[in-house]
Number of protein chains: 2
Amino acid sequence: MTIRYADRMEGVKPSAIRQLLQYGADPSIISFGGGYPDSSLFPARELQDIFAELLCGPGEKSLQYTHSTGMPKLREQIAARMTTDGVATEQDNVLILQGSQQGLDLAARLLINPGDLVATEAPTFLGALIAFNPCQPEYLAIPMDKDGMMTEVLEQQLQAGRQIKLLYTVPDFHNPTGITLSLERRRHLIQLANQYDFIILEDSPYREVRYQGEKVATLKSMDSEGRVIYFGSFSKILAPGLRLGWSVASQEITEKLGLLKLAADTQCSTLNMAAVSLYLERHDIDAHIQVIKARYLAKKETMMSVLESEFPAGIRYTNPHGGLFTWLEFPESFDSEKFMLEYAVPQARVAWVPGATFFPTQQRKNFARFSYSTHSEEKIIQGMSALAGLLKKHL
Amino acid sequence: MTIRYADRMEGVKPSAIRQLLQYGADPSIISFGGGYPDSSLFPARELQDIFAELLCGPGEKSLQYTHSTGMPKLREQIAARMTTDGVATEQDNVLILQGSQQGLDLAARLLINPGDLVATEAPTFLGALIAFNPCQPEYLAIPMDKDGMMTEVLEQQLQAGRQIKLLYTVPDFHNPTGITLSLERRRHLIQLANQYDFIILEDSPYREVRYQGEKVATLKSMDSEGRVIYFGSFSKILAPGLRLGWSVASQEITEKLGLLKLAADTQCSTLNMAAVSLYLERHDIDAHIQVIKARYLAKKETMMSVLESEFPAGIRYTNPHGGLFTWLEFPESFDSEKFMLEYAVPQARVAWVPGATFFPTQQRKNFARFSYSTHSEEKIIQGMSALAGLLKKHL
């Protein structure tokens, strides 16, 4: 039989990088492809005690259904953390999500009609494109430089009459480039959103993993009109396997996102919400984040040192102040996927994510995303040095 | 500012019963409204040991990201259980879901274009309507009798030219009525789906909680053309706070649902999937289900005995062989919501879910859903007797 799928499935295709992910599971290959956090940093021991306590007794509070918007205590704790970060937030502004990925899906459904224009950085987070595609938007790709999305290019497009419904940005340690949007550009972006009437999705899962430089105010903190929906995540500061993130938005938007959340999956795991809430109560998560930062800084510096000392000239790379990724730019004619499949994997046993897939519109082949989060410094040196040797032969 | 929401938000409204749910939290009221399982039946002690074991060590396997389609071992275990239940199932036919509610949302997105006709029982599960509404379907409401959805009425509609894209059914211990679809009707339904080319969503979260009578073959087991998507859930046999359910469908459909799952929330909680998988490996879940069944049977019998001996004539009710609900039919002119708010809550301190909200099209006011799952037999007798006394005065 032939199934008549809904029209929105036209945009729902297997990702081009799916087959590349197999390299992550092959122990003979050093893959810099995954966007995974380092699992040795997960507070498993502390969580073990917390789960033991939560599962002591009949489980009424931890195994039963709870509010679809999330456990009230956890919403309150997140509101307090957001307030400390400069965003005056009440519990009613917070929705607990199945990871911030769910926020992208719900926000797309809240806002996007087929054909609506969504602006994103080029390149942008692939998961966002995957979340938006079923709503059948058009994309306006805004280029980036070292200060993030080039808001002057966005302004030109708006002045030329392009009507944007939604702008998606990863302002802190952007995925895939590692770049942070400058304060000046953030102000400009908010001004443009107010002037041209669009909504901003501020996706910032890496924000708390800043290991160098001073933090830059969130877009949400500059939002006087309720135009910004902020997404945060416990995936990089606690553990992704708990699947917990959150949104911060106006009460009106939060209520509507909550209705979509109820429709989508009833609620997040009661047990996992209770566990994170208890973790925040019992432990100093900021001290834990300091440990995470120190590890990632060391790993990043290791990768930077090989890039600087061993890589051939003509390859540019970003030096991120937080997060998990650096972004390599090869000479214009270089196809990073082809090189990886033909040479790097078979000869150097090294893999990464080719950059083309991160571009919402015109895909460019001479980029690559490298993550330094999961491997030891030894492995980083081993893999990057092997790759450097191979590149020297070919470039 | 005024936000321009997507058109699909027209159908996303707060549920009419939301305010009634407050009664469930008021200890002075005996609420038969919630569809919650009895939390004293959750295997908290066993889960405590399992979580302790999973969180022993660095958490690579239980706290890290995993496959978006779900932990392979758990998919395999579910496939084996489904096979035992008469549906030949491979791991590739199983998708792990954030509760079966997520399956309804993903299936709607897979199949429904605005204006497509979705057939449901009348009444039907409110959560399904909530999941389908954002896809903007039209509904064809098929009445029920003691054998479930009246498939001959469905056939008349199909013969008259109504083109159904999708049929949604809860064949086992239907929510809200408690009714089970007969074997003959199941065969008829499959025959109609094949003849008139529509997809069936078989939502069966209560199937394993049958405490009387013989089980009836699933629609999925009769599906020779890959037209049935089956949804199961751990919410009623383990605990809803884990948020784990599953779908069983053709490989083609499972793959597409998996792409939507990835877009929606990346994956279910690794930790919770690992815990349920280990529970299934270590413990005899069927023995645990026997305990659940015995409790619910005792509670149901208690509620039936009060309905039979104390309720005034002219009130009809179903006597379910499984699940959590009975469905009361009052005389035609009786408004069950009005009576509850004006008399039952203030005078008898008893609440339920008025039936009107369960009808996808023409709402009928003289019905009510009563759940016997959460209260003790003493509370059931106390609440139902108080209500019986009040009804005798008013009817």
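About the thresholds
Residues numbered from 1 in each chain as written. Chains lettered and ligands numbered in written order. Predicted model: local features only at pLDDT ≥ 70, side-chain atom pairs only at ≥ 80, totals over all residues. Heavy atoms only, no water. UniProt positions renumbered as here; feature names shortened; annotations may be inferred. Contact = heavy atoms within 4.5 Å. Salt bridge = Lys/Arg side-chain N within 4 Å of Asp/Glu carboxyl O. Polar contact = N/O pair within 3.5 Å; in protein donor to acceptor, adjacent residues only side chain to side chain. Helix = DSSP H or I, 4+ residues; strand = E, 2+ residues; numbered from the N terminus. Nonpolar A, V, L, I, M, F, W, Y, C, P; charged D, E, K, R; others polar. Phe/Tyr/Trp six-rings, centres within 6.5 Å; stacked < 30°, edge-to-face > 60°. Buried < 20%, exposed > 50% of the residue type's maximum accessible area, 1.4 Å probe, protein only. Lys NZ or Arg CZ within 6 Å of the ring centre and 35° of its normal. Core = buried A, V, L, I, M, F, W, Y, C linked by side-chain atoms within 4.5 Å. Pairing = 2+ DSSP bridges. Axes fitted to C-alpha atoms, helices over the stretch in contact; angles between N-to-C directions. Expected span 1.5 Å × (residues − 1). Right-handed = clockwise from strand over helix to strand, strands pointing away.

Identification of chain A as GntR family transcriptional regulator from Erwinia piriflorinigrans CFBP 5888 is taken from an unreviewed UniProt entry. As its UniProt record puts it under Sequence similarities (unreviewed entry), chain A is described as follows: "Belongs to the class-I pyridoxal-phosphate-dependent aminotransferase family." Word for word, the UniProt comment on chain A under Cofactor (unreviewed entry) is "pyridoxal 5'-phosphate".

Let's shift gears to the interface of chain A and chain B. Contacts between the two partners involve 78 residues from chain A and, on the opposite side, 78 residues from chain B. Counting across the interface, chain A meets chain B through four salt bridges. Among the ionic pairs, Asp197(A) bridges to Arg4(B), the shortest N-O distance being 3.7 Å. Our count for the contact surface shared by chain A and chain B stands at 41 residue pairs in polar contact (both at pLDDT 80 or more). For the side of chain A that touches chain B, the elements supplying multiple residues, two or more each, are helix H2 (44-54), helix H3 (60-63), helix H5 (99-111), helix H6 (126-132), strand S6 (164-169), helix H9 (251-265) and helix H10 (270-282) of chain A. Of the residues belonging to the side of chain A that touches chain B, the class tally is 40 nonpolar, 19 polar and 19 charged.

Let us now look at the packing of aromatic side chains. Scanning the entire structure with this criterion turns up 27 aromatic pairs over all chains. Between Phe51(A) and Phe51(B) the ring centres are 5.0 Å apart and the planes differ by 5 degrees, which places this aromatic pair in the stacked class. Placement of Phe51(A) in helix H2 and of Phe51(B) in helix H1 (residues 44-54) is noted, with the two residues assigned to different chains. Pair check on accessibility: Phe51(A) and Phe51(B) agree, each one buried. Between the aromatic rings of Tyr206(A) and Phe325(A), the centroid separation amounts to 5.8 Å while the plane-to-plane angle is 90 degrees, which identifies the pairing as edge-to-face. Note that Tyr206(A) is positioned in the loop between strand S7 (199-203) and strand S8 (228-233) and Phe325(A) in strand S11 (residues 325-329), a separation of 119 residues in sequence. Take Tyr206(A): its relative accessible area is 5%, and that puts it in the buried class. Members of the aromatic cluster, joined through ring pairs, are Trp327(A), Phe358(A), Phe359(A) and Phe367(A). The ring of Tyr5(B) is capped by Lys256(A), whose NZ or CZ atom sits 4.9 Å from the centre of that ring.

Another aspect to go through is the nonpolar core. Core analysis: the largest hydrophobic core is formed by 234 residues, its most contacted members being Phe132(A) and Phe132(B). With 21 residues, the next largest nonpolar core counts Ala119(B), Leu181(B), Ala193(B) and Val228(B) among its residues.

As a further point, take the sheet that holds strand S5 (residues 148-149) of chain B. Residue and element names in this part refer to chain B. One open sheet holds the eight strands; their spatial order is S2-S9-S8-S7-S6-S3-S4-S5, and the pairing between them is mixed. The open sheet has two edge strands with one neighbour each: strand S2 (94-97) and S5. Bridge count between strand S6 (residues 164-169) and strand S7 (residues 199-203): four bridges; the pairing is parallel. Looking across to S7, one finds that Leu 167 is bridged to Ile 200. Sheet strands in contact with helix H3 (residues 99-111) are S2, S6, S7, strand S8 (228-233) and strand S9 (245-248), and its direction is about 160 degrees off that of S8. Along the sheet, helix H6 (residues 183-196) contacts strand S4 (138-145), S5, S6, S7 and S8; its crossing angle with S7, the most-contacted strand, is approximately 150 degrees.

Turning to the pattern of salt bridges, a few remarks are in order. All names here are of chain A. Evaluation of the coordinates by the stated rule reveals 50 salt bridges over all chains. For Arg 185, the salt bridge is made with Asp 145, and the minimal N-O distance between the two is 2.8 Å. Taken together, the residues Arg 185 in helix H8 (residues 183-196) and Asp 145 in strand S4 (residues 138-145) connect sequence positions 40 residues apart. If you follow the salt bridges from partner to partner, you end up with Asp 85, Asp 172, Arg 186, Arg 207 and Lys 215 in one network.

We now examine the sheet that holds strand S10 (residues 316-317) of chain A. Residues and elements named next belong to chain A. Strand order in this open sheet of four strands is S10-S11-S14-S13, and the pairing throughout is antiparallel. At either margin of the open sheet sits one strand with a lone partner, and together these are S10 and strand S13 (353-354). Here five bridges tie S11 to strand S14 (residues 367-371), and the two strands are oriented antiparallel to one another. Considered in S14, the bridge of Phe 325 is made with Ser 371.

Right, let's talk about H5(A) for a bit. In this model H5(A) runs 19 Å from its N-terminal to its C-terminal C-alpha over 13 residues, within 8% of the 18 Å that 1.5 Å per residue would give. For H5(A), a buried count of 13 out of 13 residues is recorded, marking the element as mostly surrounded by other parts of the structure.

A few words now on the environment of Ser39(A). Residues and elements named next belong to chain A. Relative to the helices and strands, Ser 39 is located in the loop between strand S1 (30-31) and H2. Taking relative accessible area as the criterion, Ser 39 reaches 9% and is therefore assigned buried. When the C-alpha positions of Ser 39 and Ala 263 are compared, they lie 32 Å apart, and in sequence the two are 224 residues distant.

What follows covers the pairing of S4(A). Residues and elements named next belong to chain A. Relative to S4, strand S3 (residues 117-122) is paired through six bridges, and the arrangement is parallel. Within S4, the residue paired with Val 118 across the bridge is Tyr 139. Note on the crossover from S3 through H6 to S4: the handedness is right-handed. One ladder, built from two bridges, connects S4 with strand S5 (residues 148-149); its direction is antiparallel.

This part is about the side chain of Gln101(B). Among the structural elements, Gln101(B) can be located in helix H3. You can call Gln101(B) buried: its relative accessible area is 8%. Sequence-distant contacts of Gln101(B), that is, excluding residues within four places in its chain, are made with Leu262(A), Ala263(A), Ala264(A), Asp265(A), Thr266(A), Phe125(B), Gly127(B), Ala131(B) and Arg243(B).

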